[in-house]
Amino acid sequence: RADLRRSSVYSTMDLVPQLDHYANSLPRQMIKSRPSLETLRKTPEYTHMVTVQMSHGCFLFLWEQMRCMLNIWGVIMFLRLSWITSQAGVVLTCVIIGMSVVVTSITALSISAIATNGRVKSGGAYFMISRTLGPEIGAPIGLVFAFANALACSLHTVGFSLVVRDLLHDFGAIMVDSINDVRIVGVITVTILLMIVLAGMEWESKAQILFFLALMVSFANYLIGTVIPPNDDKKAIGIFGYRGDIFVQNLTPDWRGPDGNFFRMFAIFFPAATGIMSGVNICGDLKDPATAIPKGTLWAIFWTTFSYVVIAVTTVRDASGNKSHILTGNNTDGCVGLACTMGWNFTDCSQSKTCRYGLANNFNVLGQLSGVYYIILVGIFAATLSSALGFLVSAPKIFQCLCKDQIYPYIIFFGKGYGKNNEPYRAYVLCFLIATAVILIADLNAIAPLISNFFLCSYCLINFSCFHASITNSPGWRPSFQHYSKWTALFGAVICVVLMFLFTWWAALVTWCIIIFLFGYVNYNKPKINWGSSIQAGTYNIALSSSVSLTGVEDHVKNFRPQCLVLTGPPNQRPALVDFVCTFTKHICLMICGDIILEQDRMTRPEDATDCLVKWLNKRKVRSFYTSLTADNLRAGAKQLLQASGLGKLKPNTLVLGFKTNWRDSAPESIEDYINTIYDTFDSNYGLCILRMVEGLDISDDLEYEVEEAGNVAFVWLCDTDAADDMSDEGSSDQMNTVFQNNQGKKTIDIYWIADDGGLTLLVPYLITRRKRWRRCKIRVFQERFRLRREKTCFAIYPFVEIKLFDMSRFVDSVAPFRLHDEQQEGVSVEELRQSTPWKISDKQFEAFKPKVGRTDVIVYLSTHLFVYLTRRSLPVPQSDCPSALYMAWLDTLTCGLHCPAVLIRGNQENVLTLYCQ
């Protein structure tokens, strides 16, 4: 027992640091959480004892190293390394091995860095890439890498089948023919391997240990066989022991056949180096993968590379296998080739290209060189079967992890696990079917380049993941393995891409096309997962750097954008206001939805309200920020937003709010609050837009609904919660359609540009018509003096027409409840009345304002769809002594009775348009 609660005179609820609190990769129901600040402040103190079971993980890097070595030592080493040496020569073969080691070593360093940066779960390369670069890149490469492992299983199974077929043919047992015999043996073999895997990881682990021991014995058998003096039988097949002249002759290449070129040999050999990922692929089964993976992988690369180099080449390239071709005496007339100096004449078969033995003609040279032929066969069986078994295990594990992340919905079926070890039986069967299909090719030289292509693609993404995570300098990138370099990782990624196209250009092209397609699919669907990837860190760095660099750029009228602060409240309660601003800001301007929460409403807000509203905006495809703050009233909150919103040059310059439709029924303080917000906007040198719609903007009454559960009625807040999500899928109104989302067709936008406010009145309608839905709309500009030249604009310009649209009685009736009627009151001064009711209108103010309203000279009543409206008297900059009720009544009178949306716009008197290029 251990007391993890800190004993403190201040709080007994505080916990000492616990690892489980930082395990964000665990399923949500398994994550342990620490007390919140609210709990620490309000909860009574108490002492709580918890039990912690301490366990010390042992260093299992030997097991991880053994798995890597088993997968690296495979069919290529036993059946193709000698043939590659005959084609490329010793020098170029060493170059091939060296280049492979460079690629795998760099990748191993990147793997070690990523694996030690956090807890690595089952899924191997896919898990590391997806959690580092994000699902957009991780998911495609996970699918490709799982497929590559399935192909690798078939490669080693085909290698095993080739040896079994040759062994059967040596005893005269032929089932069908040489090709179909490989297919039959291969299908039977992979079926048996599937049975072993289905029996559980314990059986698979025991089998791998036996394979490793058999491989060690066979390798020792080979080394012993190379020092045993050869007899005539071995000399007849070209084996003469360690000789300098043979070594010198084999230094240079001797390309033969259609596969006779350097990069083809490289492509065939490279699968021999791909086993480095075997330990990573089963990292979920390791007790301490962060320690086992770096040590095991790097040591496995070292020992397998050493084994490739020490395989001595003691065989000539061509030999007949006929003991009668031994030379008698010293007569070498007509004999051509190095074998003549050693008493053998292989000239006839060499010139006729009918030799069956030698490095260039026989794939089983290692077996012929070994001390006991059948022991090397056991080693070949162990190498091929262990590699095939390892890849048959790793491919489904990777695929299961990909399926569980639910990035691709059509493969989730294969992610189901069974038993206490969560074995992916369905994925095992799928991998078995893929491997069986590839086995039917029955050609080792055709399968190997395809596998090289897929593995190189995976290694490229692993190295790039390490580089990108390092270059972004994210605080979350803290690998305990320090022996890596971001530039080395980048070099490894580039080398992998180059080798892909040099090996098989068409396969590389197809692979990258598949990855790009899968990337586009994930990027389009945007799965609801967040792994804190380096892509996110890089995006943050770019955004931060760009924002800071903008601060040094001077403003210019040609770069002006209406950056809007929109007082929406909860955005889903005023969708029309959100959609209106989005029509001219999306992709080009800043938009911030400001939500002012009054003190009396703060406690009724759900804790996840912000997340819900951001989800609502994203679901509506509105590119906007959302910010909320608590204030005593609308004016105080708006003033704070006007002063503090934005960052650097990304700062609002225009305030957008809805028209207060219910102002007649509102308290005078509420009207005063609303109008003072407009006054503060002008005082802050902001532009102003006020949207009014006939049906109003607030739809909160339509969004409220009740959910009955177990007989209790529960209120569901107006946000995109789980309940709202479920209902919205069934067509609920949480995403209401507004007029601004419809295709407008050939309608008109009328602009009454009376006061010269800098041009914001013209700019906003123009930006609206750039949207596809509004593109066919016609803009008509009405001017009082027709001063704007037609050739300088893209608008239709008309002379101003004076028409009185409304009855003056509406204005008089609107202000009647707010008048002081001070002239009718005796003994009381106007100042005394205004002190108690500052929003009321004196008779003098009313009479002075009445002529201004009478000269409305404004609106031509046309069948317009959007009504952009601003006159020199309709939205003036009000004087400080203008009563709020009087100003509110004037705005109401100017926009009432319109069947279309009306927008009142006022710029801040600074130019936002220019008619010149400079």
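The structure under discussion appears in the preceding block.
A brief report on the enclosed structure follows. (Residues numbered from 1 in each chain as written. Predicted model: local features only at pLDDT ≥ 70, side-chain atom pairs only at ≥ 80, totals over all residues. Heavy atoms only, no water.)

Structural notes on the environment of Glu 599
Then step 1. Tracing the chain through its elements places Glu 599 in helix H23 (residues 599-602).
Then step 2. When the C-alpha positions of Glu 599 and Thr 630 are compared, they lie 6.3 Å apart, and in sequence the two are 31 residues distant.
Then step 3. Excluding its chain neighbours within four sequence positions, the residues that come into contact with Glu 599 are Thr 630, Ala 631 and Asp 632. (Helix = DSSP H or I, 4+ residues; strand = E, 2+ residues; numbered from the N terminus. Contact = heavy atoms within 4.5 Å.)

A short note on the packing of helix H11 (residues 262-269) against helix H19 (residues 486-503)
Then step 1. Packing of H11 against H19 brings their axes to within 9 Å, and their N-to-C directions diverge by 115 degrees. Comparing their axes, H19 and H11 come out roughly perpendicular. H11 and H19 meet at a crossing whose hand is left-handed. Across the interface between the two elements, Phe 263, Phe 266 and Ala 267 from H11 touch Leu 499, Leu 502 and Phe 503 from H19.
Then step 2. Tallied by class, residues from the contact of H11 with H19 come to six nonpolar, no polar and no charged. (Axes fitted to C-alpha atoms, helices over the stretch in contact; angles between N-to-C directions. Parallel < 35°, antiparallel > 145°, perpendicular 65-115°, else oblique. Left-handed = near helix turned anticlockwise from the far one by under 90°. Nonpolar A, V, L, I, M, F, W, Y, C, P; charged D, E, K, R; others polar.)

Comments concerning the pattern of salt bridges
Then step 1. Evaluated as defined, the whole model comprises 17 salt bridges.
Then step 2. Here Asp 166 and Arg 165 are joined by a salt bridge, their closest N and O atoms 3.0 Å apart.
Then step 3. A salt bridge links Asp 259 to Arg 264; its shortest N-O distance comes to 3.2 Å.
Then step 4. Classification of Arg 264 by relative accessible area gives partly exposed; the value is 22%. (Salt bridge = Lys/Arg side-chain N within 4 Å of Asp/Glu carboxyl O. Buried < 20%, exposed > 50% of the residue type's maximum accessible area, 1.4 Å probe, protein only.)

Examining the nonpolar core
Then step 1. Phe 78, Phe 269, Tyr 308, Phe 455 and Leu 461 are the most contacted members of the largest nonpolar core, which totals 129 residues.
Then step 2. Sequence-distant contacts of Leu 461, defined by excluding residues within four places in its chain, comprise Ile 129, Leu 133, Ile 137, Ile 141 and Trp 512.
Then step 3. Membership of the second largest hydrophobic core comes to 39 residues, among which are Phe 811, Ala 889, Leu 891 and Leu 904. (Core = buried A, V, L, I, M, F, W, Y, C linked by side-chain atoms within 4.5 Å.)

Looking at the pairing of strand S5 (residues 687-692)
Then step 1. Counting buried positions along S5 yields six of six residues, so the element is predominantly enclosed.
Then step 2. Burial of the side chains of S5 extends over both faces: Gly 687, Cys 689 and Leu 691 are buried on one face and Leu 688, Ile 690 and Arg 692 on the other.
Then step 3. Pairing geometry for strand S4 (residues 654-658) and S5, over five bridges, is parallel. The residue bridging Gly 658 from the neighbouring strand is Leu 691, located in S5. (Pairing = 2+ DSSP bridges.)

Quick word on helix H24 (residues 609-619)
Then step 1. Listing the buried residues of H24 in full gives Ala 609, Cys 612, Leu 613, Trp 616 and Leu 617. Summarising the axial view, the buried residues of H24 lie within an arc of 140 degrees, below the 170-degree limit, and thus occupy one face.
Then step 2. The inward-facing, buried residues of H24 contact helix H22 (575-585), strand S2 (591-598) and strand S3 (625-631).
Then step 3. Once H24 finishes, Lys 621 follows within two positions and takes phi at roughly 60 degrees, a positive value. (Arc of directions from axis to C-beta.)

Quick look at the state of the cysteines
Then step 1. For the structure on display, the rule yields two disulfides.
Then step 2. Put simply, Cys 335 and Cys 340 are joined by a disulfide, and their sulfur atoms are 1.7 Å apart. One quick way to see it: the torsion about the S-S bond of Cys 335 and Cys 340 is about -90 degrees, and its sign makes the bridge left-handed. Considered together, Cys 335 and Cys 340 belong to a single accessibility category, that of buried residues. (Disulfide = S-S within 2.5 Å.)

Focus on the environment of Val 164
Then step 1. Checked against the element boundaries, Val 164 lands in helix H6 (residues 135-170).
Then step 2. Sequence separation between Val 164 and Val 182 is 18 residues; the distance between their C-alpha atoms is 8.1 Å.
Then step 3. When sequence neighbours within four positions are dropped, the list of residues in contact with Val 164 reads Val 185 and Phe 381.

Quick notes on the environment of Tyr 674
Then step 1. Structurally, Tyr 674 is set in helix H26 (residues 668-683).
Then step 2. Since its relative accessible area comes to 5%, Tyr 674 is described here as buried.
Then step 3. Separated by 15 residues in sequence, Tyr 674 and Phe 659 place their C-alpha atoms 9.4 Å apart.
Then step 4. Those residues in contact with Tyr 674 that sit more than four places away from it in its chain are Leu 634, Leu 657, Gly 658, Phe 659, Lys 660, Ile 690 and Met 888.

Focus on the packing of H6 against helix H7 (residues 178-198)
Then step 1. Direction vectors running N to C along H6 and H7 enclose 125 degrees, while the axes themselves pass 8 Å from each other. Judged on the interaxial angle alone, H7 and H6 are oblique. Crossing handedness for the pair H6 and H7: right-handed. On H7, the residues touching Cys 153, Thr 157, Val 158, Phe 160, Ser 161, Leu 162, Val 164, Arg 165 and His 169 of H6 are Ser 178, Asp 181, Val 182, Val 185, Gly 186, Thr 189, Val 190 and Leu 193.
Then step 2. Across the contact of H6 with H7, the residue classes tally to nine nonpolar, six polar and two charged.

What about the side chain of Asp 595?
Then step 1. Residue position: Asp 595 is located in strand S2.
Then step 2. Among the polar contacts listed, one links the side chain of Asp 595 to the side chain of Tyr 626, at a separation of 2.6 Å.
Then step 3. Sequence-distant contacts of Asp 595, defined by excluding residues within four places in its chain, comprise Gly 569, Pro 570, Arg 605, Leu 613, Tyr 626, Thr 627, Ser 628 and Leu 629. (Polar contact = N/O pair within 3.5 Å; in protein donor to acceptor, adjacent residues only side chain to side chain.)

Some details on the packing of aromatic side chains
The description of an aromatic ring pair uses the distance of the two centres, along with the angle that the planes make with each other.
Then step 1. A full pass over the atoms with the stated rule returns 32 aromatic pairs.
Then step 2. The interplanar angle of 80 degrees and the centroid separation of 5.7 Å between the aromatic rings of Trp 83 and Phe 363 together place this pair among those described as edge-to-face. Of this pair, Trp 83 sits in helix H4 (residues 81-115) while Phe 363 is found in the loop between helix H14 (347-352) and helix H15 (365-369), placing the two residues 280 residues apart along the sequence.
Then step 3. A relative accessible area of 6% means that Trp 83 is categorised as buried.
Then step 4. According to the relative accessible area criterion, Phe 363 is partly exposed, its value standing at 33%.
Then step 5. Grouped by ring-pair contacts, the aromatic residues Phe 145, Phe 262, Phe 263, Phe 266, Phe 270, Phe 391, Phe 455, Tyr 459 and Phe 503 constitute a single cluster.
Then step 6. Here Arg 80 stacks its cationic end above the ring of Phe 363, 3.7 Å away from the centre of that ring.
Then step 7. The residue whose ring lies beneath Lys 416 is Tyr 418, and the NZ or CZ to ring-centre distance is 5.3 Å. (Phe/Tyr/Trp six-rings, centres within 6.5 Å; stacked < 30°, edge-to-face > 60°. Lys NZ or Arg CZ within 6 Å of the ring centre and 35° of its normal.)

Observations concerning helix H16 (residues 373-404)
Each α-helix turn comprises 3.6 residues. Residues three or four places apart therefore point the same way.
Then step 1. With 32 residues, H16 extends 47 Å from end C-alpha to end C-alpha; this agrees with the ideal 46 Å at 1.5 Å per step.
Then step 2. The element H16 is extensively covered by neighbouring structure, given that 26 of its 32 residues are classed as buried.
Then step 3. Taken from the residues just after H16, Gln 406 is the one with a positive phi, measuring 55 degrees. (Expected span 1.5 Å × (residues − 1).)

What about the side chain of Thr 157?
Then step 1. Within the element layout of this structure, Thr 157 appears in helix H6.
Then step 2. Apart from the residues lying within four places of it in its own chain, the contact partners of Thr 157 are Gly 186, Thr 189, Val 190, Leu 193, Ala 388 and Ile 439.

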